[in-house]
Amino acid sequence: MERYTINDFNSQFPNDSACLEYLKNYLYSNGIYCKPCQKITPHSRLTKRMAYSCNRCGNHVYPMVGTIFEGSRTSLKHWFYAMFLMSATRCGISAKQLQRELGVTYKTAWRMFREIRTLMQISPQPMSGEVEIDDFYMGGKRPGKRGRGAEGKTPVLGIVQRKGRVAALATTDLKSSTVFPIVKEHVLSESMIYTDEYTTYDGLKKQGYAHKRVHHASKVWVVGNVHTNTIEGFWSLLKRGINGVYHAVSQKYLQNYVDEYAFRYNHRKDEQPMFLTILEKV
Ligand SMILES: [Zn+2]
């Protein structure tokens, strides 16, 4: 993929009008259906409102209604730019950086983040073939692996198909009874699952999976193609992104945050600029 640069962004979206036009064309790709006229009619942009008006009857249509942009005082171009920034680097940016870039308050930047992340949620798509599963702890000063210091943090279960997608899910705990239903939702049976020696993963075979593990406690990381390096790679992205940014947070909010990383990971090889993929979810 050609990289979609800041210059590309600025020439495609020079102002609010261009953003609104894009949004309108995306939402009404077959033309705007006018309710009073009861058919698709030509519409014209109103100069003083973020709206279009039916050329026949004058009825107004607001493309931002029903999207995350509805009722926001932040300009549409700022919203678009925030999405562009969130997708421009592998680790994303912080609310602090967004605040600086846009000249908005921290509160506004933070709220924009939260809204944009809702567009980046994962929809489960069954994985198959070779799949790695591992867990990670977030919240607190040091995110990281299980073990000492993990108390009070929120566990995240990571599932990745090699050369494919990742799903990362914040959970209440890592008991098998919690983990297995999540695995079943994301991984087709008969798949080959690789994990480490953690007892939670005992019994995956009984769930209908092929299962091989490496013994991390013995410092064994790779045996042939048995390893969890792919999911470890995802954890390191996550860890780098949250360093210095994060404090203890609720499971729900944490999920919102993890979704952003999973989204970037899952769309890293797309033909279409990631930023436009986010936009398509509005
Ligand atoms: Zn009309």
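Look up a bit, the structure's there.
Residues numbered from 1 in each chain as written. Predicted model: local features only at pLDDT ≥ 70, side-chain atom pairs only at ≥ 80, totals over all residues. Heavy atoms only, no water.

## What about the packing of helix α2 (residues 16-27) against helix α3 (residues 76-88)?
Logical step 1: Closest axis-to-axis distance for the α2/α3 pair is 8 Å, and the angle between their directions is 70 degrees. One element, α2, and the other, α3, form an angle in the roughly perpendicular class. Residues Asp 16, Cys 19, Leu 20 and Tyr 22 of α2 pack against Leu 76, Lys 77 and Phe 80 of α3.
Logical step 2: By residue class, the composition of the contact of α2 with α3 is 5 nonpolar, no polar and 2 charged. (Axes fitted to C-alpha atoms, helices over the stretch in contact; angles between N-to-C directions. Helix = DSSP H or I, 4+ residues; strand = E, 2+ residues; numbered from the N terminus. Parallel < 35°, antiparallel > 145°, perpendicular 65-115°, else oblique. Contact = heavy atoms within 4.5 Å. Nonpolar A, V, L, I, M, F, W, Y, C, P; charged D, E, K, R; others polar.)

## A short note on the coordination of the zinc ion
Logical step 1: Protein coordination at the zinc ion comes from Cys 34 (SG), Cys 37 (SG), Cys 54 (SG) and Cys 57 (SG), with a distance range of 2.3 Å.
Logical step 2: One way to put it: the 4 donor atoms around the zinc ion meet at angles of 103 to 116 degrees, and that makes the site tetrahedral.
Logical step 3: The sequence pattern formed by the donor residues of the zinc ion is C-x2-C-x16-C-x2-C. (Donors = N, O, S within 2.8 Å, 3.2 Å for Na, K, Ca; no water. Tetrahedral: all angles 85-135°; square planar, octahedral: opposite > 155°, others 65-115°.)

## Some thoughts on the pattern of salt bridges
Logical step 1: Enumeration according to the criterion identifies 7 salt bridges in this entry.
Logical step 2: Here Glu 115 ties to Arg 114 by a salt bridge, and the two come within 3.7 Å at their closest N and O atoms.
Logical step 3: Overall, the relative accessible area of 18% leaves Glu 115 in the buried class.
Logical step 4: Given the relative accessible area of 32%, Arg 114 is considered partly exposed. (Salt bridge = Lys/Arg side-chain N within 4 Å of Asp/Glu carboxyl O. Buried < 20%, exposed > 50% of the residue type's maximum accessible area, 1.4 Å probe, protein only.)

## Considerations on unusual backbone geometry
Negative phi values dominate among residues other than glycine, just as trans dominates among peptide bonds.
Logical step 1: One non-glycine residue with positive phi stands out, namely Gln 38, at about 60 degrees.
Logical step 2: With respect to the helices, strands and loops of the structure, Gln 38 is situated in the loop between β1 (33-34) and β2 (39-40).
Logical step 3: Even without a glycine there, the phi angle at Lys 219 is positive, about 60 degrees.
Logical step 4: In this structure, Lys 219 sits in the loop between β10 (210-213) and α7 (229-242).
Logical step 5: Since its relative accessible area comes to 66%, Lys 219 is described here as exposed.

## Details of the environment of Cys 57
Logical step 1: Take Cys 57: it is sitting in the loop between β4 (52-54) and β5 (60-61).
Logical step 2: Taking the C-alpha atoms as reference, Cys 57 lies 8.7 Å from Cys 34; in sequence the two are 23 residues apart.
Logical step 3: Once residues within four sequence positions are removed from consideration, Cys 57 is found in contact with Cys 34, Pro 36 and Cys 37.

## A word on the sheet that holds strand β7 (residues 154-161)
Logical step 1: Overall, mixed pairing links the 5 strands, which are arranged β8-β7-β6-β9-β10 in an open sheet. Each having just a single partner strand, β8 (166-170) and β10 make up the two edges of the open sheet. Neighbour to neighbour, the strand axes of the sheet diverge by 25 degrees on average, direction disregarded.
Logical step 2: Along the sheet, helix α6 (residues 176-186) contacts β6 (130-138), β7, β8 and β9 (192-195); its crossing angle with β7, the most-contacted strand, is approximately 30 degrees. (Pairing = 2+ DSSP bridges.)

## Side note on the nonpolar core
Logical step 1: Among the nonpolar cores identified, the biggest contains 38 residues, and Phe 69, Phe 80, Met 83, Leu 98, Ile 116 and Phe 275 are the most heavily contacted of them.
Logical step 2: Secondary-structure elements contributing two or more residues to this core are α2, α3, α4 (95-102), α5 (106-118) and α9 (274-279).
Logical step 3: With 9 residues, α3 is the single largest residue contributor to this core.
Logical step 4: Ranked by size, the runner-up nonpolar core spans 19 residues in total, among them Cys 91, Ala 168, Ala 170 and Tyr 257. (Core = buried A, V, L, I, M, F, W, Y, C linked by side-chain atoms within 4.5 Å.)

Note that all results are geometric; they support no functional claim without further evidence.
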